[in-house]
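Notes for the structure review
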Amino acid sequence: MKNTFLKKISVLALGLLLFAPACTNLDEELFDTVTDKNFLLTEEEQLAAMGQAYTSLQALGNHANIWSISELASDELVVTTKGGDWYDGGVLIQLHKHEFTADNGFFNNAWGSIYGGINTCNRLLYQFKSLGLPDELLAELRAVRALWYFYALDAFGNVPLVIDYEDVSIPSNEADFQTGRTKVFNFVESELLAVMPLLSTSTGTDRYGRMNQAAANALLTKLYLNAEVYTGTPQWQKTIDAADAVIASGFSLMASYKENFAIDNTGSTENIFVVPYDRVYAGGFQWVMMTLSYASSNTYSLTSQPWNGYAVVEEFYNSYVDPAQNPGPQGDVWTGLAVAPTTGTVDNRLSNFVVGPQYNADGTRTEDPGFEGASSAAPDPDGILLNFTPQNNEIHPNGWRQGGARIGKYEYEKGGSNNMSNDFVVLRYADVLLAKAEALWRLNAADPAALAIVNSIRTRAGVDTFAALDANNLYAERGREMFAELTRRQDQIRFGTWGAGWWEKAVSGPTYEIFPIPQIQIDANSSLHQNPNF
Amino acid sequence: MKKYLLVMLSVLSLSFLMAQERTVTGKVTDAETGEGIPGANVLEKGTTNGAITDLDGNFRLAVSDGATLAFTFVGFVTQEIAIGNRSVIDVAMEQDVQSLSEVVVIGYGVQDKKEITSSVASVKSEDFNKGMVNNPAQLIQGKVAGLTITRPGGDPNGNYTIRLRGVTTVGANAEPLIIIDGVIGGSLSTVDPNDIASIDVLKDGSASAIYGTRGSSGVILVTTKSGKAGKSVVDYNGTVSFDNVARTMKFMTADEYRQVPGMVDLGSDTDWLEQVTQTGVSQIHNISMSGGSGSTTYRASVNVRDVGGIQINTGFSQLNARFNLTQKAMNDRATFSMNLATTTKDASYGFTDVFRYAVLSNPTLPVMFDPTVAGLSDVGGYAERDIFDYWNPVSIANQSINDGKDMRLLGSLRAEYDFSDVVDGLRGTISYSQQRESDMRGQYFMKTAKFQSANLAGGLGGIAQRATEARYNQLFESMLNYDQSFGNTDLALLGGYSYQEFFTEGFGMRGAGFITDAFTYNRIQEAQQFNRGEGSVWSYANSSRLVAFFGRANLNIGGTYFLSASVRQEGSTKFGENNKWGLFPAVSAGVNITNLVNIGGVESLKLRAGWGRTGATPNDSYLSFLRYQGVGSAYVDGSWKPAYGPSSNPNPDLAWETKDELDFGLDFGVMGGKITGTVDWYQRVTSDMLLYVNVPVPPNLVGQTLKNIGELKNTGFELSVNWNVIQTSDFSYTTSVNFSTFSTTIINLDDEGGVLYRANMGSPGQNDTELVRVKEGEKLGQLWGPVMEGVDANGVPIFKDLSGDNSYCNCDDDRTVIGQGLPDFTIGWNNSLTFKSFDFNMFFRSAIGHDLLNSYRGFYENTESTTVSSWNIVNTAAYDPNIKKAVVNSSHVEKASYFKLDNATFGYTLPSKEGAAIRRARIYVSSQNPFVLTNYTGIDPEIRYVDSGENGGQQDPLSPGIERRNTYFTTRTFSMGINLGF
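Quick word on the overall build of chain A
If you tally the helices and strands in chain A, you get 18 helices and eleven strands. Looking at chain A as a whole, 60% of its 534 residues are labelled buried. Relative to all contacts within chain A whose residues are 6 or more apart in sequence, the contacts with residues 24 or more apart total 67%. Accessible surface for chain A amounts to roughly 18,900 Å². Of this, 54% is attributable to carbon and sulfur atoms. Once the 35 positive and 61 negative side-chain charges of chain A are each reduced to a mean point, those two points are 5 Å apart.

Given below as structure tokens:
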């Protein structure tokens, strides 16, 4: 009896032994991942975290984002469908023709970048406040957030105001569009005014690429300049005051316009706020890919083949070289089909464009082997040779591969990659000056101070001064100076030309003065109100 | 008690026998071998008078006149013979193929086929697919109803997609759990097809629930061959095979191309396909030795494969060695077994781009640069064109290197002890196994190559990349089994613990700009890019763990009623904090109807039903956290500093996907056991599927969160029938068919809307065109697009207005379902004939009812000016030169139903002499994929269960039915081989 009992016990013990190493620990071990449990603990890590507030701005140099929707809907730039390339479901054509639909992916990219930036600022504000970091850093974050809300206000108008990271309720916007837009305008204004005394007054390299008082004032200038469009009430005097605050900071116009956009433009005395890019450290500025032709890699010895997308609308290009619109010294310029040079105004700012016959690095003419042959639907006017002709044939379906002058504003690097190293200019001194001039002119059309400012810009550009200012030449001068700097759409709406027709665009209505809120966002958040008539 | 009864009866019968009895003698032999069968029963029918045959098969029995003798033996067909007035009766007994006590491998053990109450299929090595088989998955392709194994195209280095019962999950791992000799999660790359004895598939939830969080997609159990005591044998198998291109995409010849308006004539007539393909010659050698004596058995094998691919410069060579050893000890109470297997593989992968640009190439383009032809550039001597999306395919094949070396090691040790002397019927087992895999990859693109811009990269040209990954997992399991009989009830209990740990790590680097091509990727530190701070270097590591407790009870009541219940409590580190553990129960029951009721003509009939819950885990670890990652660099104080930001929203409620499955089945045997089969009907509901859903950007940090949110329902029917038509000693013919159909419906996708559009068509010009719609309440597999009605004067296709507003808006209101990517049903049909020493096997496979979207046609079957001037044009029967615009639409979706001869083998077994040195010799010839009957004009009509994306590299199970431009060409194989046994 005892024997079997002992035996049974020993069996039971053996059985337990089998289960003894039973381990039930299910905690994760992290190797290549950092989570909120083990990151943001030292000061160095916190500054690295703050860097994201600025890197979020790198979306501005990307294709299919904020810059693209604004520029392609304006009369400056267009992307034509070149046969089988660039149709992409019609999203680019609808921007040019002002036939926006809420399911256009570009709008969602812009919305995502904007709110990604806002979220980052909110989160950092929350985390840094509890850590007791200096007020100046907090002020910088609020200023960056105000810049994001400015873009949201400009593009979408009535957007939800999300300013508290701890508030996890579903964000909503106003039911009435204008009420909502005014609310956002007031927020941006109040934020910038509130942080102004806390921001640094320095404009040196220690504040390069970061928000300081000058940048906040420049942003205020742009905000007030468009106040009538945003809120219905103009604020011309406030525009002048904010501009004066910037002028007092010590900026000056560069002698050479294109130096502001050089590969290394850190030395510009005119750039107030930039987004720094670098081909190694901070990629994403891809205009070299977006605008140049497939064959242009031979011209600049690029390491990647460009995409042949963005081209300049001919009417806009002509505003530079047409002596009736832009009086100045006459010389050889490329117009129309660029077969041979014609005579037109030689404006220094023609450095904004890459136009005319193209050459390889070895001096021979660049060829585009994919050119449209004689039997194709839209034959290339000069055959295999690559020649950017200001004249373009059609937007769809067979736009010329070489059609349209291309963007040359930012200097292209020989041997460059698909990421440019030039720093992207967000706020520039010339813009502030012209804003002041316009505000003065709006208050008093004969104001000599306004004319003087505009003429200083024109003199720098190497063209003749105006005798007097009117809506047309002021509007056109802003266009020529600020090409591709995200101002044209605002100018067109302000001066009332947004609904007009140009190239392939027909006359359109006021619905399109604002972009639709992306459909994906409306679907994901039922308390969002869509913009009127979308 | 029994003994007394027998004596009494025999005394009684003796008294009867006194009346009219005589003695009958005879010999019972095995009809096939002629050898005597010892231990067979000879019974006088209607009495209990019987005898047992002796060692030589002889018997002697005293019977009465006019008696009928019944001869029975396990595994043989019962014979009844009236003695008439004979006194010597010799009987040759036929093997009863069907009622051989078939044992099926189930989770954590084996079970008698008669007792199985779940849906389990078993394929033995003699039924495997024949011919040149390099991947174990290929062995059972088409052999199991409901198990689809596909590999679109014929890439020898490509992987098979295995799906059981259609689509069960879209977020988590959809491949079945592979178990090799008890090692859970083993990789099929550690097993050579020649070493596999059987593959068992646990098809329904009640069978796989014992594997818990990984059993949702089914479980495949692979059992390798082991040694047999007493018989020492050496086997050698050798095969040589030749692979050729079977199907490609139909593009124009040079003459046809010259007729197309807008064409660019570059003067030559190049057969690009011929330039980049070759006949792939392969050899396989396998030698195995097994044997043992007394308490030790072993099997060792070495497999060598040298495979040539059909793309030039591709193929692989592989060496696999395996050693299985089993040893008993402690008076045969303890059994120790050890399995060791290792594989090393050296491969040259090639690029799918070579095939893609070969079919796309302008047929008048010369291969090598010709200065007299305009519009060409000379890169490395090859002719290149400066147009969008084109590279000379011969240059890619010859000027790029894409190598790899893989190493696999699987070792397991198992100890089993029989405690029957202490507690009757108790057994304990401990096992430990480790699997180690390491992959090394190297790529080099030459300075003289245009592909990947290698001639410009890094300034000097030349791009090198080197990367390696290592994966380890170790498994520890311990179990107790208790088997006992009470009266006519058998009980089998099982309880156990399982612990498995996984670790993956890897690193790599890529740099460009070399002074010479001579190093290829072997001196990557000289890349000029590194000196400029460019180029890239990376490393990573992650781990996870699984812990489980499991138990099962099986009941067999009188061989008539069967009951099985199991449960597994499993936890994984991959889940969120709040949901680490899950419970997975199952229950199933069966009734052996022929034991209760005698139905004429029906030998066996078993009805069974089962219900089980299984789970599925996400592929990656750390998904439930708020994770940070580097988001570029910010310019602070005059220099660049790294910036960090959140990359995922936290979800502490992240849990496994749950699948509940109900299965009803019938196993039958009719016509004297000649026809056997099973029928299954099942319904499975997968809930809490892991899906990324869009979330509002404020207040969340990131625009998408991984949530348990989807629900999927899958209903299906399976039938498999095996028929031994004729079975004589000279001729036999067996045929078997399996048929399966399923239908998957999306019940729930997300919190609102419930529609997803996925699968981008791609460039040129068709970015932002979604090809697939996934909608709540609808079946999975919908291809989405506009319906083409005609062509207008400008060559633009006219699309039908479906929204009723008399115009075609380029939006979803005017698009509709234009195809279904999943099939109506699939069939596998096997025929085996033997005639004397010849054997012939033919296996057909068919899938009916699925569609495929032919991407090549969607881009290149038109006369658009850029398309014509840049590339070749697709030339199928649907080619219409009036169409001058490439827009994917309903005309590019084709019915892809197919019927193919998958493999056919013809063999001859040389006559063998008793006691000869060569015990067995067989030679054979085999052909794989000799013909396919289909109306599909694309490369491969095989079902696409996942979409690889417009650039490859993805596996999206929500978008079936698209043939992408990176599809490898299909191959036709012819092989010859020899099997020798010593």
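Brief notes about the side chain of Ser890(B)
All names here are of chain B. Residue position: Ser890 is located in the loop between helix 11 (865-870) and strand 47 (893-895). At 3.1 Å, the side chain of Ser890 forms a polar contact with the backbone nitrogen of Met788. Setting aside residues up to four positions removed in sequence, Ser890 forms contacts with Pro786, Val787, Met788 and Ile818.

What about the interface of chain A and chain B?
At the junction of the two partners, chain A supplies 87 residues and chain B supplies 81 residues. Carbon and sulfur atoms make up 61% of the area that chain A and chain B hide from each other, which totals about 7,000 Å². Across the pair Arg545(B) and Glu29(A) runs a salt bridge whose closest N-O atoms are separated by 3.9 Å. Between the two partners, chain A and chain B, sit 13 residue pairs in polar contact (both at pLDDT 80 or more). Put simply, the parts of the chain that give the side of chain A that touches chain B at least two residues each are helix 1 (2-19), strand 1 (34-35), helix 2 (43-55), helix 5 (105-131) and helix 18 (519-524) of chain A. Counting residues per element, the side of chain A that touches chain B draws most heavily on helix 1 of chain A, at seven residues. Its residues placed into classes, the side of chain A that touches chain B shows 37 nonpolar, 30 polar and 20 charged. Here strand 1 of chain A pairs with strand 32 (residues 627-636) of chain B via two bridges, running antiparallel. Across the sheet, residue Thr35(A) finds its bridge partner in strand 32 of chain B, namely Arg627(B).

Some details on the sheet that holds strand 13 (residues 177-180) of chain B
All names here are of chain B. What the five strands build is an open sheet, ordered 10-15-16-13-14; its pairing is mixed. Unpaired on one side and paired on the other, strand 10 (120-124) and strand 14 (183-184) mark the two borders of the sheet. In this sheet, strand 16 (residues 219-224) lies alongside strand 13 in parallel orientation, the contact comprising four bridges. In the strand pairing of strand 16, Ile180 is matched with Val222.

A word on helix 17 (residues 488-495) of chain A
Residue and element names in this part refer to chain A. Across the eight residues that make up helix 17, a large majority, eight, are buried. Within helix 17, burial applies to Arg488, Arg489, Gln490, Asp491, Gln492, Ile493, Arg494 and Phe495. Gly496 lies just past helix 17 and shows a positive phi near 80°.

Description of the nonpolar core
Grouped burial of nonpolar side chains is what soluble globular proteins tend to show. Core analysis: the largest hydrophobic core is formed by 142 residues, its most contacted members being Trp67(A), Tyr151(A), Ile272(A), Trp287(A) and Phe424(A). A per-element tally of this core places helix 6 (residues 135-155) of chain A first, with 15 residues. Contact partners of Ile272(A), with chain neighbours within four places excluded, come to Ala214(A), Ala215(A), Ala218(A), Val246(A), Phe251(A), Leu427(A), Arg428(A), Tyr429(A) and Val432(A). Counting residues in each nonpolar core, the second largest holds 70 residues, with Tyr382(B), Ala397(B), Leu691(B) and Ile746(B) among its members.

Observations regarding the packing of aromatic side chains
One pass over the full model with this rule turns up 72 aromatic pairs over all chains. Geometrically, the ring pair formed by Tyr294(A) and Phe388(B) is tilted, given 6.0 Å between the ring centres and 35° between the ring planes. Pair noted here: Tyr294(A) is in the loop between helix 11 (287-291) and helix 12 (297-300) and Phe388(B) is in the loop between strand 23 (382-384) and helix 7 (393-399), and the two residues belong to different chains. Given a relative accessible area of 2%, Tyr294(A) falls into the buried group. With 5.1 Å between their ring centres and 70° between their planes, Tyr635(B) and Trp640(B) make a pair best called edge-to-face. Like Tyr635(B), the residue Trp640(B) is buried in the burial classification. Grouping aromatic residues by their ring pairs yields a cluster made of Trp67(A), Tyr257(A), Phe261(A), Tyr277(A), Phe285(A), Trp287(A), Tyr310(A), Tyr410(A) and Phe424(A). Seen from the ring of Phe466(A), Arg458(A) lies directly overhead, with NZ or CZ sitting 4.1 Å from the centre.

Quick notes on the environment of Asn542(B)
Mapping Asn542(B) onto the fold places it in strand 28 (residues 536-557). For Asn542(B), the residues in contact, after removing those within four places along its chain, are Phe31(A), Asp32(A), Phe502(B), Phe503(B), Thr504(B) and Tyr622(B).

Let's talk about the confidence of the model for chain B
All names here are of chain B. Taken residue by residue, chain B gives an average pLDDT of 88. The fraction at 70 or more is 95%. Predicted confidence for residues 4-19 stays below pLDDT 50, and this span has four contacts to residues more than four positions away or in other chains. In the model output, the complex is listed with pTM 0.77 alongside ipTM 0.74.

A look at the packing of helix 14 (residues 429-443) of chain A against helix 15 (residues 448-460) of chain A
Residues and elements named next belong to chain A. Interaxial distance between helix 14 and helix 15 falls to 8 Å at its minimum, and their mutual angle equals 150°. Taken together, the axis directions place helix 14 and helix 15 in an arrangement best described as roughly antiparallel. Two packed elements cross with a definite hand, and for helix 14 against helix 15 that hand is left-handed. Contacts between helix 14 and helix 15 involve Ala430, Leu433, Leu434, Lys436, Ala437, Leu440 and Trp441 from the former and Ala449, Ala450, Ile453, Val454, Ile457 and Arg460 from the latter. Along the lines of polarity and charge, the residues of the contact of helix 14 with helix 15 split into eleven nonpolar, no polar and two charged.

Topic: the pattern of salt bridges
Residues and elements named next belong to chain A. Counted according to the given criterion, the structure contains 79 salt bridges over all chains. We note a salt bridge from Glu438 to Arg494, for which the minimum N-O separation is 2.8 Å. Highlighted residues: Glu438 in helix 14 and Arg494 in helix 17, separated in sequence by 56 residues. A relative accessible area of 11% places Arg494 in the buried class. Salt bridges sharing common partners tie together Glu270, Asp347, Arg349, Lys409, Arg428, Arg458, Arg460, Glu477, Arg480, Glu481 and Glu485.

A short note on the state of the cysteines
Residues and elements named next belong to chain B. One pass over the full model with this rule turns up one disulfide over all chains. Two residues share a disulfide in this structure: Cys809 and Cys811, whose sulfurs sit 2.0 Å from each other. Residues Cys809 and Cys811 are joined through a disulfide that is left-handed, its torsion about the S-S bond being -65°.

Some points on helix 16 (residues 471-481) of chain A
Residue and element names in this part refer to chain A. Extensive coverage of helix 16 is indicated by the burial of nine of its eleven residues. On its buried side, helix 16 packs onto helix 8 (213-225), helix 13 (314-321), strand 11 (424-428), helix 14, helix 15 and helix 17. Two or three places before Asn472, at the opening of helix 16, Asp470 has a side-chain oxygen 2.9 Å from that residue's backbone nitrogen.

Quick look at the sheet that holds strand 40 (residues 782-785) of chain B
The pairing of strands in a sheet happens through backbone hydrogen bonds and is either parallel or antiparallel. Residues and elements named next belong to chain B. What the four strands build is an open sheet, ordered 38-39-40-43; its pairing is antiparallel. The open sheet has two edge strands with one neighbour each: strand 38 (755-762) and strand 43 (816-820). Direction aside, the axes of adjacent strands within the sheet are offset by 40° on average. As judged from the two bridges shared by strand 39 (residues 766-775) and strand 40, these two strands associate in the antiparallel manner. Paired with Val772 across the two strands is Leu783, which belongs to strand 40.

Re the packing of helix 14 of chain A against helix 16 of chain A
All names here are of chain A. Across the interface, helix 14 lies against helix 16 with an axial gap of 11 Å and an inter-helix angle of 170°. By the angle between their axes, helix 14 is roughly antiparallel relative to helix 16. Judged by residue contacts, Ala430, Asp431, Leu434, Ala435, Glu438 and Trp441 of helix 14 engage Ala471, Leu474, Arg478 and Glu481 from helix 16. Classifying every residue of the contact of helix 14 with helix 16 by side-chain character gives six nonpolar, no polar and four charged.

Digging into the pairing of strand 2 (residues 41-44) of chain B
Residues and elements named next belong to chain B. Alternating residues of strand 2 divide into Val42 and Glu44, all buried, and Asn41 and Leu43, none buried. Relative to strand 5 (residues 68-72), strand 2 is paired through four bridges, and the arrangement is antiparallel. Paired with Val42 across the strands is Phe71, a residue of strand 5. Here strand 2 runs beside strand 3 (residues 50-52); their pairing, made up of three bridges, is antiparallel. Among the inter-strand pairings, Val42 is bridged to a residue of strand 3, identified as Ala51.

Calculation criteria
Residues numbered from 1 in each chain as written. Chains lettered and ligands numbered in written order. Predicted model: local features only at pLDDT ≥ 70, side-chain atom pairs only at ≥ 80, totals over all residues. Heavy atoms only, no water. Helix = DSSP H or I, 4+ residues; strand = E, 2+ residues; numbered from the N terminus. Buried < 20%, exposed > 50% of the residue type's maximum accessible area, 1.4 Å probe, protein only. Contact = heavy atoms within 4.5 Å. Areas by Shrake-Rupley, 256 points an atom, 1.4 Å probe, with all protein chains shown as cover. Lys, Arg positive; Asp, Glu negative; His and termini not counted. Charge placed at Lys NZ, Arg CZ, Asp CG, Glu CD. Polar contact = N/O pair within 3.5 Å; in protein donor to acceptor, adjacent residues only side chain to side chain. Buried area = accessible area lost by both parts, 1.4 Å probe. Salt bridge = Lys/Arg side-chain N within 4 Å of Asp/Glu carboxyl O. Nonpolar A, V, L, I, M, F, W, Y, C, P; charged D, E, K, R; others polar. Pairing = 2+ DSSP bridges. Core = buried A, V, L, I, M, F, W, Y, C linked by side-chain atoms within 4.5 Å. Phe/Tyr/Trp six-rings, centres within 6.5 Å; stacked < 30°, edge-to-face > 60°. Lys NZ or Arg CZ within 6 Å of the ring centre and 35° of its normal. pLDDT = per-residue confidence, 0-100. Axes fitted to C-alpha atoms, helices over the stretch in contact; angles between N-to-C directions. Parallel < 35°, antiparallel > 145°, perpendicular 65-115°, else oblique. Left-handed = near helix turned anticlockwise from the far one by under 90°. Disulfide = S-S within 2.5 Å.

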